[in-house]
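Architecture at a glance
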Amino acid sequence: MRLTVAQLAKRLGAELAGDADGIDRQISAVGPVEASGDSDVTFITDDKHKAALHKSQAAAVIVAGHLDGLNKPQLIVKNVDAALIEALNVFAPRLKPATEGIDPAAKIAQGVKLAEGVSVGAGVVIDDGVEIGENSVIGSGCKIGENSRVGENCRLDSNVVVYHNCRLGNNVVVQANSTIGSTGFGYSFIDGAYRLIPHNGGVVIEDFVEIGANCCVDRAKFGNTIIGAGTKIDNLVQIAHNVVIGKCCLIVAQVGISGSCRLGDGVVLGGQVGLADNVEIGDGTMVGAKSGVAYDIAAGQRFLGSPAIDKREAFRIIGLTMRLPKMAEQLKRLNKRVEGLEAAKDDKE
Amino acid sequence: MRLTVAQLAKRLGAELAGDADGIDRQISAVGPVEASGDSDVTFITDDKHKAALHKSQAAAVIVAGHLDGLNKPQLIVKNVDAALIEALNVFAPRLKPATEGIDPAAKIAQGVKLAEGVSVGAGVVIDDGVEIGENSVIGSGCKIGENSRVGENCRLDSNVVVYHNCRLGNNVVVQANSTIGSTGFGYSFIDGAYRLIPHNGGVVIEDFVEIGANCCVDRAKFGNTIIGAGTKIDNLVQIAHNVVIGKCCLIVAQVGISGSCRLGDGVVLGGQVGLADNVEIGDGTMVGAKSGVAYDIAAGQRFLGSPAIDKREAFRIIGLTMRLPKMAEQLKRLNKRVEGLEAAKDDKE
Amino acid sequence: MRLTVAQLAKRLGAELAGDADGIDRQISAVGPVEASGDSDVTFITDDKHKAALHKSQAAAVIVAGHLDGLNKPQLIVKNVDAALIEALNVFAPRLKPATEGIDPAAKIAQGVKLAEGVSVGAGVVIDDGVEIGENSVIGSGCKIGENSRVGENCRLDSNVVVYHNCRLGNNVVVQANSTIGSTGFGYSFIDGAYRLIPHNGGVVIEDFVEIGANCCVDRAKFGNTIIGAGTKIDNLVQIAHNVVIGKCCLIVAQVGISGSCRLGDGVVLGGQVGLADNVEIGDGTMVGAKSGVAYDIAAGQRFLGSPAIDKREAFRIIGLTMRLPKMAEQLKRLNKRVEGLEAAKDDKE
């Protein structure tokens, strides 16, 4: 796909400003400020990259407001993030759409209901009682267990496994090699051995949830493990049985959420965060990367560390920990001075 | 499945007590105290939930001893954990059993020996020399490499990969997308490049081991990586080459066990724990979540932290770390007071 | 495979020394010093195991220099690591080579170019525009997306998923259940919901890179996520979008590398290390296991901890943290002594 700067501006609903001569240049891609070439359009979402923009080879720039002294066409938009997504879609690599229908090398049980426009790849196995909504794409090598339901416009990439009795809403994406509905880690020690506690519950994944590659979402012992609408999950994340996650949360890679945790809406967990069993985290709270959370956290907090505490306090404690050699030295010197004072006192007595 | 309270009591071998009128109520599921409805049976495994029980909608409760003043039928059993497992099995969703025999879309090499009752799913590839014991179920998309052996009553869920020369005992479960017998991470730096150290060894997984989804168990360089009987492993766990794990251990999600570690029997590793190379952990030792273990730990210990130390000591150190701002303040004030004393002394001299 | 000690010595180009009578013993495997039997050859790469060698049952030993007083044949070589690799290859289990050609149960799109000697397993799906170089082996259940390229002598084990527009060089290994080219974790919050930032970029994996099992390498938003030649990656590793890794790095299991990080050549990241977004790490730097890196690190450093700092400093701080109970006690006693001095002063005044 190639567009002139002027054509792209029209497509993005952008006002054109800056270098008028450049508006006929051909654009074929979007690039970051430093790495753009002369057929790229770039963008500015913060002040940090403004200086670099003057040296950028980019043919044009998407900005929120007019930049003075820049000899490049400027595409002025209200929301650069939204315009960037649109521009990236314009120049996205053209891929063949998934073939509608059932691949001959898929194995579909008798009672399965596939809506119109569904695509089922080679090697897929779909068990009895499964329903799949309109225009959903089930990648090659996937397995969908008995009585599970997948909504409309979903995309399960290759080799995703969904166990029985799971429910995925509409517009859900699950990337390759992820596992939904595996049995959780619940055992009772009886007569000298661990016996599995049966997991009669399921998994509910609401609309617009996106799950990365190689993730695990365990089914519930009772009721359901629930992931709220609009929540996005990175790669290699572990979500244990009976966890309930609210809407529009962000769960970064390699996070581990233990059994029966409850997250409010808009919670953000940084990479490699771990939550102990039964922890409750309030709406909008953000937990920094690598934190370990053993206790509930109220809404609207910024927490960090292991054990996780208020972020500012955590930074203060980290700072003081780094100063421990100095503190030890101060303590030693103080000890000497007190010894001196005591000796002087003894001399006088 | 529906049973009356009285029928369920009989099934569980429970003594009936409490509200006699309620014993004809229909039960269709097991639920937790707070979330049970009037067709659920609930249970009490600790005192914590007793108060909530009076408000619970549950039709009946499984308990270890009679509870006074509760207007619900009580199913009194010796071991609530065991009765709970039985009740969950009674009300488990009815799934179709795996189809016996080899799916036409599986590819079985000539020398493979499959015992009676084995089920092999679509898309499975089994290489030469493999043996699979009675009633084992190999899910769709699995791969079992040359000369590997799977015992009786095993279950490999979809897309599990078992490399060559691995041995799984009886009653082993491996959940979806896990990898057994991958080559370990061992390289020598020779002539300017890393060269792989060949891994001639294998993996031995003993009876009743259960492995979660998306786990990795690397094969050994020499001999075998060994997972002892009855050990249970959660999701996304990494077990490196030549690790030896004892019997009845619990390894929680996202744990990483480095090469040649040796765990005794009954060891418990909390979520996201990491063990350095060659670490030895004694029988019955528990290591708290997110700990980092660089040195051997004796038997029967409770360790925590990174570096992991005795748990009580770790809590003490965490407490003191949290008090660092106060200590810094004390140190500052003490310094002032010593200055004052020194000044007074100087005045006198 | 069986060789006499003398034959093995010849094969390794080793000088024979020590017990001359033993050179006709039959060797069938390589083993570690402690666990070798009388048909094993063992090896010494450091002084640590020399003492144990005298008690070892091994039929012979590979060493860098003659060992006195050892009644075993010694195979003296220049580079024990290289000889060990060669010996392990000699005694490696003999596996059937992958069947050349396309398995009938694979699905290859029309425009795919497969070079000579390529092996494509059952259930593989290869999309349009893909090219695969000579002698590469694509394991069962793999998926290779549109326009991706795999070089010569590569090995993709079962159920690996490579998305579209990825480029793998020559001699690349990807172990089972890994995912290459998944969409990265980049969202903009627009009008009350997270919207995915399209990832128009790809992944470039250079020659001789080896990637473990169940890893994720995300594709780039712009340009490419790049893994440099000769870099080796363990299991369950997360590599986010737009990361650039240099040559000959070692990335140990469960490491997480966040978006746009840049690693130089020869960087080593220990197990479970996490890197924040945009971190740059210089050539040859080693970061200890479980560290959390939030800031750039120069070349040639040894860093440890979370936050990661110079390793010696980190050890010092860990040591002082462990001494916090003692410091608190000292502070308390000092306070008492100062109180005593103040009281004495007050008495005099």
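Everything quoted here is computed from the prediction, not taken from an experiment. (Residues numbered from 1 in each chain as written. Chains lettered and ligands numbered in written order. Predicted model: local features only at pLDDT ≥ 70, side-chain atom pairs only at ≥ 80, totals over all residues. Heavy atoms only, no water.)

1. Focus: a negative patch on the surface
Residues and elements named next belong to chain A. A contiguous patch of negative charge on the surface is contributed by Glu 100, Glu 116, Glu 134 and Glu 152. One can find Glu 100 in the loop between helix H3 (80–90) and strand S8 (101–102). On the basis of relative accessibility, which here comes to 60%, the residue Glu 100 falls in the exposed class. (Patch = residues over 30% accessible without salt bridge, like charges linked within 9 Å, V, L, I, M, F, W, Y side chains within 5 Å. Areas by Shrake-Rupley, 256 points an atom, 1.4 Å probe, with all protein chains shown as cover. Salt bridge = Lys/Arg side-chain N within 4 Å of Asp/Glu carboxyl O. Lys, Arg positive; Asp, Glu negative; His and termini not counted. Charge placed at Lys NZ, Arg CZ, Asp CG, Glu CD. Helix = DSSP H or I, 4+ residues; strand = E, 2+ residues; numbered from the N terminus. Buried < 20%, exposed > 50% of the residue type's maximum accessible area, 1.4 Å probe, protein only.)

2. Here we look at the sheet that holds strand S32 (residues 256–257) of chain C
Residues and elements named next belong to chain C. Overall, parallel pairing links the 10 strands, which are arranged S9-S12-S15-S18-S21-S26-S29-S32-S35-S38 in an open sheet. Each edge of the open sheet is held by one strand with a lone partner, namely strand S9 (107–108) and strand S38 (292–293). When strand S26 (residues 216–218) meets strand S29 (residues 238–239), the two strands line up parallel, connected through two bridges. Pairing of Cys 216 across the sheet is with Gln 238, part of S29. (Pairing = 2+ DSSP bridges.)

3. Things to note about the interface of chain C and chain A
In this complex, chain C contributes 63 residues to the contact, which on the side of chain A involves 58 residues. The contact between chain C and chain A buries some 4900 Å² in all, and 63% of this surface belongs to carbon and sulfur atoms. Considering only the surface of chain C that becomes buried against chain A, Phe 185, Tyr 194 and Phe 222 of chain C emerge as the three largest contributors, covering 15% of it. Among the ionic pairs, Lys 107 of chain C bridges to Asp 103 of chain A, the shortest N-O distance being 2.4 Å. In this assembly, chain C and chain A are joined by 27 residue pairs in polar contact (both at pLDDT 80 or more). At the level of secondary structure, the elements contributing two or more residues to the side of chain C that touches chain A comprise strand S21 (179–182), strand S22 (187–190), strand S23 (193–196), S26, helix H4 (311–322) and helix H5 (324–348) of chain C. Considering each element in turn, the side of chain C that touches chain A owes the most residues, 10 residues, to H5 of chain C. Of the residues assigned to the side of chain C that touches chain A, the class counts are 28 nonpolar, 23 polar and 12 charged. (Contact = heavy atoms within 4.5 Å. Buried area = accessible area lost by both parts, 1.4 Å probe. Polar contact = N/O pair within 3.5 Å; in protein donor to acceptor, adjacent residues only side chain to side chain. Nonpolar A, V, L, I, M, F, W, Y, C, P; charged D, E, K, R; others polar.)

4. Digging into the domain arrangement of chain A
Split into domains, chain A comes out as domain 1 (3–90) and domain 2 (101–311). For domain 1 of chain A and domain 2 of chain A, the distance between their C-alpha centres works out to 38 Å. (Domains from an automatic or database assignment.)

5. Notes on the interface of chain B and chain A
If you look at the interface, chain B gives 58 residues, while chain A gives 63 residues. For the pair chain B and chain A, the summed buried area comes to about 4900 Å², and 63% of that belongs to carbon and sulfur atoms. Counting across the interface, chain B meets chain A through three salt bridges. Put simply, chain B and chain A have 27 residue pairs in polar contact (both at pLDDT 80 or more) between them. Elements with a contribution of two residues or more to the side of chain B that touches chain A: helix H3 (80–90), strand S28 (232–233), strand S31 (250–251), helix H4 (311–322) and helix H5 (324–348) of chain B.

6. Here's the deal with the side chain of His 241 of chain A
Residue and element names in this part refer to chain A. Mapped onto the secondary structure, His 241 falls in the loop between strand S29 (238–239) and strand S30 (244–245). With relative accessibility at 8%, the residue His 241 sits in the buried group. Of the polar contacts made by the side chain of His 241, one reaches the side chain of His 199; its length is 2.8 Å. Leave out the neighbours within four places in its chain, and His 241 touches Gly 184, Phe 185, Gly 186, His 199, Asp 218, Arg 219, Ala 220, Lys 221, Thr 225, Gly 259 and Ser 260.

7. Concerning the sheet that holds strand S9 (residues 107–108) of chain A
All names here are of chain A. Strand order in the open sheet formed by 10 strands is S9-S12-S15-S18-S21-S26-S29-S32-S35-S38, with parallel pairing between adjacent strands. Whereas interior strands pair on both sides, the edge strands pair on one side only; in this sheet they are S9 and strand S38 (292–293). Relative to S38, strand S35 (residues 274–275) is paired through two bridges, and the arrangement is parallel. Pairing of Leu 275 across the sheet is with Val 293, part of S38.

8. Focus: the packing of helix H4 (residues 311–322) of chain A against H5 of chain B
It is the contact of H4 of chain A with H5 of chain B, at a shortest axis distance of 9 Å, that shows an interaxial angle of 55°. Between H4 of chain A and H5 of chain B, the interaxial angle falls into the category oblique. Where H4 of chain A abuts H5 of chain B, its residues Glu 313, Arg 316, Ile 317, Leu 320 and Thr 321 of chain A lie against Leu 324, Pro 325 and Ala 328 of chain B. Of the residues in the contact of H4 of chain A with H5 of chain B, the class split is five nonpolar, one polar and two charged. (Axes fitted to C-alpha atoms, helices over the stretch in contact; angles between N-to-C directions. Parallel < 35°, antiparallel > 145°, perpendicular 65-115°, else oblique.)

9. A short note on helix H5 (residues 324–348) of chain A
Between the first and last C-alpha of H5 of chain A there are 36 Å, a value that for 25 residues agrees with the 36 Å anticipated at 1.5 Å per step. Looking at the buried residues of H5 of chain A, the elements they touch are H4 of chain A, H5 of chain B together with H4 and H5 of chain C. (Expected span 1.5 Å × (residues − 1).)

10. Notes on the relation of the copies chain B and chain A
Superposing chain B onto chain A takes a rotation of 120° combined with a translation of 0.0 Å along the rotation axis, leaving an RMSD of 0.1 Å. What the superposition gives is, in effect, a three-fold axis relating one chain to the other. (Least-squares fit on C-alpha atoms with pLDDT ≥ 70 in both.)

11. Focus: the state of the cysteines
Should the sulfur atoms of two cysteines be covalently bonded, the bond is a disulfide. As enumerated under the stated definition, the model contains zero disulfides over all chains in all. Residue Cys 249 of chain B stays outside any disulfide, its sulfur separated by 7.8 Å from that of Cys 248 of chain B, the closest cysteine. Looking at the unpaired Cys 261 of chain C, the closest cysteine sulfur is the one in Cys 249 of chain C, lying at 12 Å. Classification of Cys 261 of chain C as buried rests on a relative accessible area of 0%. (Disulfide = S-S within 2.5 Å.)

12. Regarding H3 of chain A
Note: α-helices contain 3.6 residues per turn, so residues at a spacing of three or four share the same orientation. All names here are of chain A. Within H3, eight of the 11 residues are buried, leaving the element largely enclosed by the surrounding structure. Residues Val 80, Ala 82, Ala 83, Leu 84, Ile 85, Ala 87, Leu 88 and Val 90 constitute the buried set of H3. Its side-chain oxygen at 3.0 Å from the backbone nitrogen of Asp 81, Asn 79 defines the N-terminal cap of H3.

13. Structural notes on the side chain of His 164 of chain B
On the secondary structure map, His 164 of chain B appears in the loop between strand S18 (161–162) and strand S19 (166–168). By relative accessible area, His 164 of chain B is classed as buried at 16%. In this view, His 164 of chain B contacts Gly 145, Glu 146, Ser 148 and Arg 219 of chain B together with Leu 95 of chain C; residues no more than four positions away in its chain are not counted.

14. Notes on empty space enclosed by the protein
Taken as a whole and assessed by the stated rule, the structure comprises two cavities of 30 Å³ or more. Of the volumes computed, that of the largest cavity is approximately 210 Å³. In this structure, the largest cavity is lined by Leu 341, Ala 344, Lys 345 and Lys 348 of chain A, Leu 341, Ala 344, Lys 345 and Lys 348 of chain B together with Leu 341, Ala 344, Lys 345 and Lys 348 of chain C. Residues belonging to the lining of the largest cavity are distributed by class as follows: six nonpolar, no polar and six charged. Approximately 100 Å³ is the volume found for the second largest cavity. Each residue belonging to the lining of the second largest cavity can be placed in one class, and the counts come to six nonpolar, five polar and three charged. (1 Å grid on protein atoms, 1.4 Å probe; cavity = no way out; pocket = protein on both sides within 12 Å on 5 of 7 lines; lining within 4 Å. Points joined across faces, edges and corners; volume = space filled by probe spheres on them.)

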